[in-house]
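# Tertiary structure, described
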Amino acid sequence: MGARLNLSANPVAVKFGKHIIAADKVLADSTLPAATRELVKIRASQINGCGFCTDMHTKDAAHAGETSTRLNLVAAWREATVFTDAERAALELTEQGTRIADAAGGVTHEAWANAAKHFDEDQLAALVCAIALINAFNRGNVIVQQPAGDYQPGQFA
């Protein structure tokens, strides 16, 4: 199914898109590891059912050298042994921060404390912002139903 709205042809969407992409560039300049940022993007996109973003970030991660084994196991990260403790903490925070409607209390103190063990304050800030940003991207794409599979790595660089 095609998009309901051509975001690249609408002046409001184009202006908004420039700002949201600029926010992603701020995160790329942070000290949060690139692999962690991509894992967060992939997991949130899977949860939100955003095929376009799942496709895009999986391809970006593979293009950056991520292994197919790890990419194939993101959805099952709890059972997989291929992720570091820091990545697992980031993925837990991502899940809880993405599924806020499923948990009346939001992100648990345990999930936050675990993330804080592995990331410094700047990295935690980048992690929180990365989770919020990918959720914003996902929602926009899901609303207008961007088709999956049309993305090429580096397309939005």
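A brief look at the structure comes next.

Cut-offs applied
Residues numbered from 1 in each chain as written. Predicted model: local features only at pLDDT ≥ 70, side-chain atom pairs only at ≥ 80, totals over all residues. Heavy atoms only, no water. Disulfide = S-S within 2.5 Å. Buried < 20%, exposed > 50% of the residue type's maximum accessible area, 1.4 Å probe, protein only. Salt bridge = Lys/Arg side-chain N within 4 Å of Asp/Glu carboxyl O. Helix = DSSP H or I, 4+ residues; strand = E, 2+ residues; numbered from the N terminus.

### Looking at the state of the cysteines
Taken as a whole and judged by the stated rule, the model has zero disulfides. Unpaired in terms of disulfides, Cys53 finds its nearest cysteine sulfur in Cys50, a separation of 3.5 Å. Cys53 sits in the buried class, given a relative accessible area of 1%.

### Looking at the pattern of salt bridges
For the structure shown, the criterion picks out nine salt bridges. The shortest N-O distance in the salt bridge between Glu95 and Arg78 comes to 2.8 Å. Within this pair, whereas Glu95 is found in helix 5 (residues 85-98), its partner Arg78 is found in the loop between helix 4 (68-73) and helix 5, the two being separated by 17 residues in sequence. By relative accessible area, Arg78 is classed as partly exposed at 41%. Residues joined in a network through salt bridges with shared partners are Arg43, Arg78, Glu92, Glu95 and Arg99.

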